[in-house]
Amino acid sequence: SRLQRALPDDGAPLLQITRQAIQFNDACQASVDWWTVTDGLVQVQQHAHAAVVSCPACCQRLTTVVAAYRGDFLANFFCDSPVFEEWVLLKREWLRQGVLRALDLLVQHHEAAHEWQAAYRFAWRRVEIDPLLEEAHQQVMRALAHSGRRTAALAQYKTLTRLLREELDVAPATTSNALYEAIRTNQLHASVTTRQPTLLPQTAKRTVAHNLPPQQTPFVGRRHELQQIAERLARPECHLLTLVGPGGAGKTRLALEAAAQQLQQTRQRYPDGIYFAPLATVEDDDQLLTALAAVINYQFLDT
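Cut-offs and rules
Residues numbered from 1 in each chain as written. Predicted model: local features only at pLDDT ≥ 70, side-chain atom pairs only at ≥ 80, totals over all residues. Heavy atoms only, no water. Axes fitted to C-alpha atoms, helices over the stretch in contact; angles between N-to-C directions. Helix = DSSP H or I, 4+ residues; strand = E, 2+ residues; numbered from the N terminus. Parallel < 35°, antiparallel > 145°, perpendicular 65-115°, else oblique. Left-handed = near helix turned anticlockwise from the far one by under 90°. Contact = heavy atoms within 4.5 Å. Nonpolar A, V, L, I, M, F, W, Y, C, P; charged D, E, K, R; others polar. Core = buried A, V, L, I, M, F, W, Y, C linked by side-chain atoms within 4.5 Å. Buried < 20%, exposed > 50% of the residue type's maximum accessible area, 1.4 Å probe, protein only. Salt bridge = Lys/Arg side-chain N within 4 Å of Asp/Glu carboxyl O.

## A few points about the packing of helix α4 (residues 82-112) against helix α6 (residues 134-146)
Following both chains from N to C, one finds α4 and α6 inclined at 25°, their axes separated by 12 Å at the closest point. Taken together, the axis directions place α4 and α6 in an arrangement best described as roughly parallel. In this structure, α4 meets α6 at a crossing whose hand is left-handed. Of the residues in α6, those in contact with Asp104, Val107 and Glu111 of α4 are Glu135, Gln139 and Arg142. Tallied by class, residues from the contact of α4 with α6 come to 1 nonpolar, 1 polar and 4 charged.

Structure follows, in structure tokens:
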């Protein structure tokens, strides 16, 4: 009631409220960033053309999309509900990956036109959203080098090297090393190979394969539990480890933190990666199998 009184009413109310639900009224004239981003991604995905990067209309839509994305979905909004928390995490990552792909296409569009300042702006936005996305750092390095800022491009490589070492304990990819050498020896050419990523998000591609949602707050305490989990997972005979506790005790957050700490072991211990599969809404065995398959992009064959 207080919310309704605080919001303007220009003929059509902004909210539709019942005893069971509250939602935006899509008949009103309000602009909602979620609608702007998701509608824009769908329109570009469905537009018939050979390549998004060569379509001015789609690139303009993507520019509107990334401008409307001002941060993580429902950031700083908390609710004491494990089901709601898992739903928010999935929506947050879905939206985040879609915007990252939109930015990638915009970088490619401006690289192809040799518009290096614009390419740098969108590439740097990718780095801000995902500092561990190595490909985005490469785009920043190319844009800086072609803009005459060679020293800044070389410094960006050092930043990438430090981040990968501190966060994932890995070295830069050979493509990053080759790009660094090309910039260092002034052998960088202006030709750029374009790609056509899928805009509607799938599993994020990182140096280490995983889909763990980013956490907005630091993890505090529970060192003993994390150590116990790590020790159990290190045993070759451990194929399943279950965390038990009352609702709201933080089992999901603990599991995500334990999984994040295992990322540096992924190549040796988990060559296929580490994946998060929310199961709060699963009610039977069939749904469990389907939920797990969806997370790892497994396709069932019809028999």
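## Considerations on the nonpolar core
Where a protein is soluble and globular, its nonpolar side chains tend to be buried together. Residues Val37, Leu62, Val66, Val99 and Ile183 are the most contacted members of the largest nonpolar core, which totals 42 residues. Looking at this core, the elements that each hand over two or more residues are α2 (33-46), α3 (56-68), α4, α5 (116-129), α6, α7 (150-167) and α8 (174-184). For valine 37, the contacting residues outside a window of four places in its chain are Val65, Ala68, Tyr69, Leu95 and Val99. Leu89, Leu256, Ala259 and Ile274 belong to the second largest nonpolar core, which has 7 residues in total.

## Focus on the pattern of salt bridges
Enumeration over the complete set of coordinates arrives at 9 salt bridges. Across the pair arginine 126 and aspartate 104 runs a salt bridge whose closest N-O atoms are separated by 3.5 Å. One end of the pair, arginine 126, is in helix α5; the other, aspartate 104, is in helix α4, and 22 residues separate them in sequence. Each of the two residues, arginine 126 as well as aspartate 104, counts as buried. Arginine 184 is paired through a salt bridge with glutamate 181; the nearest N and O atoms lie 2.7 Å apart. Of this pair, arginine 184 and glutamate 181 both sit in helix α8, 3 residues apart, roughly one helical turn. For glutamate 181, a relative accessible area of 36% translates into the label partly exposed. Because the salt bridges share partners, they merge into one network encompassing Glu93, Arg96 and Asp130.

From the geometry alone we can't say anything about function, so treat these as descriptive.
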